[in-house]
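Residue strings, one per chain:
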Amino acid sequence: MAFKVGFVSLGCPKNQLDTEVMLHEVAEAGYQITPDETEADVIIINTCAFIESAKKESIDNILDIAWLKKHKKLRGIIVTGCLSERYREEIFKEIPEVDAVLGVGSIHHIVEAVNAVLTKKGKKSARFFSCDPNDTVKLGGDRILTTPEYAAYLKIAEGCDNRCTYCAIPGIRGKFRSRPMEDIVAEAKDMESLGVKELTIVAQDITRYGQDLYGSYKLAELLHKITEATSIPWIRLLYCYPDKITDELVAEIRDNPRILKYIDLPMQHISDSVLKRMNRHGGSALIRETVQKLRREIPGIVIRTTFITGFPGETDEDFNELCAFVKENRFERVGVFTYSQEEDTPAAAMPDQIDEQVKQDRMDVLMREQMAISAELNRAMVGKTITVLCEDFDPVSEAHFGRSAADAPDIDGKIFFRAKHRIAPGTFVQVHVDEIVDYDLYGTAVVVPEA
Ligand code: SF4
């Protein structure tokens with residue numbers, strides 16, 4: 001009987017994709033994948049270490065699984081992902097139950113690691129598999145989707161060269177490496193053959209795509225090639241960087257009906273003195289120009305962005321400038337985070353670190369500003385009919401739910417709607433918006449394709 005392997009996948013979609021590649025390789029090697037941790041022989045924990053809270057969540061999960069090893073039939077624990085890349089020695093020293101640790105560049109050694117753990121026969125052989133995270137050996141690969149079958153992420157590059165001073169990712173994931181265009185287009189076709197209707201493009205910075213491999217920004221060309229090679233209806237863009245929104249990219253988003261008029265564009269701040277200390281390229285003038293260009297050139301564009309409050313040295317004036325910017329630009333989707341003092345990052349050593357309570361208070365103020373804007377924007381949706389990708393049916397509220405082009409998976413809101421008959425997940429439905437409840441839209445299906 002095949003040994004059973006379980007997975008715990010934490011962190012961002014890019015990490016989730018690594019889990020999907022490891023799932024495929026372990027299954028291909030003949031191991032049985034089990035969703036039930038209590039019956040697993042080996043559990044692989046794919047961790048995140050972006051900020052303090054993510055590190056804590058990863059360590060809590062490892063300790064929970066370590067308990068299983070003491071009390072259940074679990075024989076091996078393998079830790080992968082960003083925490084293992086960043087704290088390999090500490091994991092071994094502080095959590096002796098861990099049998100193997102893989103760096104982020106070593107996901108293709110997962111089968112070797114599982115074999116080693118299962119054949120150690122009790123003798124301690126904690127092993128570390130480390131490939132240089134800057135390696136371009138094999139980015140991506142065949143995978144088992146962990147997303148619903150109608151939606152998938154597509155990673156087009158690994159690593160990052162932007163070197164924001166608060167961010168540990170370049171030190172974990174290495175320098176920016178684009179995947180060859182033909183590999184990405186081939187993977188998009190694979191996704192289509194699996195029934196994917198919504199393909200979300202991810203990397204640390206998708207707008208830098210191609211610069212290392214082809215000497216110039218090639219995201220627009222890549223998107224064009226993906227829509228030429230597939231008929232996937234929805235292509236969504238996450239993790240764009242303000243200083244690389246080229247005119248070609250704007251035109252491709254505007255003119256290509258299958259590229260969603262939605263862009264995730266983290267700005268982090270607007271005060272020039274803060275942006276400078278963050279080492280965010282381009283400054284406030286460029287950010288304002290980019291927002292105006294997107295609004296002018298792409299009618300109805302939905303802009304998602306994120307801001308950090310409490311960065312070292314952030315003054316009341318800086319923060320007030322940020323609040324005014326958010327009020328003035330009325331972004332459709334906003335995430336706000338308090339600055340997290342991450343060791344081994346330049347910002348962690350900066351003077352004028354801000355008190356945690358002040359960081360939190362500023363975050364609350366900014367979120368209240370945004371809640372008012374979101375409520376107004378949502379109210380304007382009442383009476384409109386929009387295309388919704390049905391995700392499922394909720395027996396409690398007896399309503400279907402799904403997302404519109406303006407809602408990215410896992411991070412944005414939902415639309416709840418009633419329909420005359422049950423609609424299969426992955427179906428596009430025309431929904432008339434009847435009312436708003438908190439951040440969510442409620443409506444009625446008006447056009448439903450035949451089942
Ligand atoms: S763009 Fe900045 S915040 Fe994002 S991964 Fe790169 S260095 Fe980190």
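Everything that follows concerns the structure shown earlier in this document.
Scoring rules and cut-offs
Residues numbered from 1 in each chain as written. Predicted model: local features only at pLDDT ≥ 70, side-chain atom pairs only at ≥ 80, totals over all residues. Heavy atoms only, no water. Helix = DSSP H or I, 4+ residues; strand = E, 2+ residues; numbered from the N terminus. Polar contact = N/O pair within 3.5 Å; in protein donor to acceptor, adjacent residues only side chain to side chain. Contact = heavy atoms within 4.5 Å. Phe/Tyr/Trp six-rings, centres within 6.5 Å; stacked < 30°, edge-to-face > 60°. Buried < 20%, exposed > 50% of the residue type's maximum accessible area, 1.4 Å probe, protein only. Lys NZ or Arg CZ within 6 Å of the ring centre and 35° of its normal. Pairing = 2+ DSSP bridges. Axes fitted to C-alpha atoms, helices over the stretch in contact; angles between N-to-C directions.

Student: Hey, could you run me through the side chain of Asn 162 in this one?
Tutor: Looking at the element boundaries, Asn 162 is found in the loop between strand 8 (157-158) and helix 6 (169-173). A distance of 3.3 Å separates the side chain of Asn 162 from the side chain of Lys 244, its partner in a polar contact. If near-sequence neighbours (up to four positions away) are discounted, Asn 162 is found in contact with Asp 205, Arg 208, Tyr 241, Lys 244, Asn 279 and His 281.

Student: I would appreciate a short explanation of the packing of aromatic side chains in the present structure.
Tutor: Two measures describe an aromatic ring pair: the distance that separates the ring centres and the angle between the ring planes. In total, this model carries 9 aromatic pairs according to the counting rule given. A ring pair is formed by Tyr 166 and Phe 311, whose centres lie 6.4 Å apart and whose planes are at 85°; its orientation type is edge-to-face. Residue Tyr 166 is found in the loop between strand 8 and helix 6, and its partner Phe 311 is found in the loop between strand 13 (302-309) and helix 13 (316-329); the two are separated by 145 residues along the sequence. Note on accessibility: Tyr 166 and Phe 311 belong to one class, buried. A ring pair is formed by Phe 307 and Phe 331, whose centres lie 6.3 Å apart and whose planes are at 50°; its orientation type is tilted. Here Phe 307, found in strand 13, pairs with Phe 331, found in the loop between helix 13 and strand 14 (333-338); they are 24 residues apart in sequence, far enough to count as distant. Across the pair, exposure class does not vary: Phe 307 and Phe 331 are buried alike. Connected via pairs of aromatic rings, a cluster forms that spans Tyr 166, Phe 311 and Tyr 339. The ring of Tyr 239 carries the charged tip of Lys 14 above its face, separated from the ring centre by 3.6 Å.

Student: In this structure, what is going on with the sheet that holds strand 17 (residues 415-418)? I would like to understand it.
Tutor: Sheet architecture is closed into a barrel: 5 strands sit in the order 15-16-17-19-18, paired in mixed fashion. Along the sheet, successive strands turn relative to each other by an average axial angle of 50°, direction set aside. For strand 15 (residues 385-394) and strand 18 (residues 428-437), the ladder comprises 5 bridges, and the chain directions are antiparallel. Bridging from a neighbouring strand, Leu 389 pairs with Phe 428 of strand 18.

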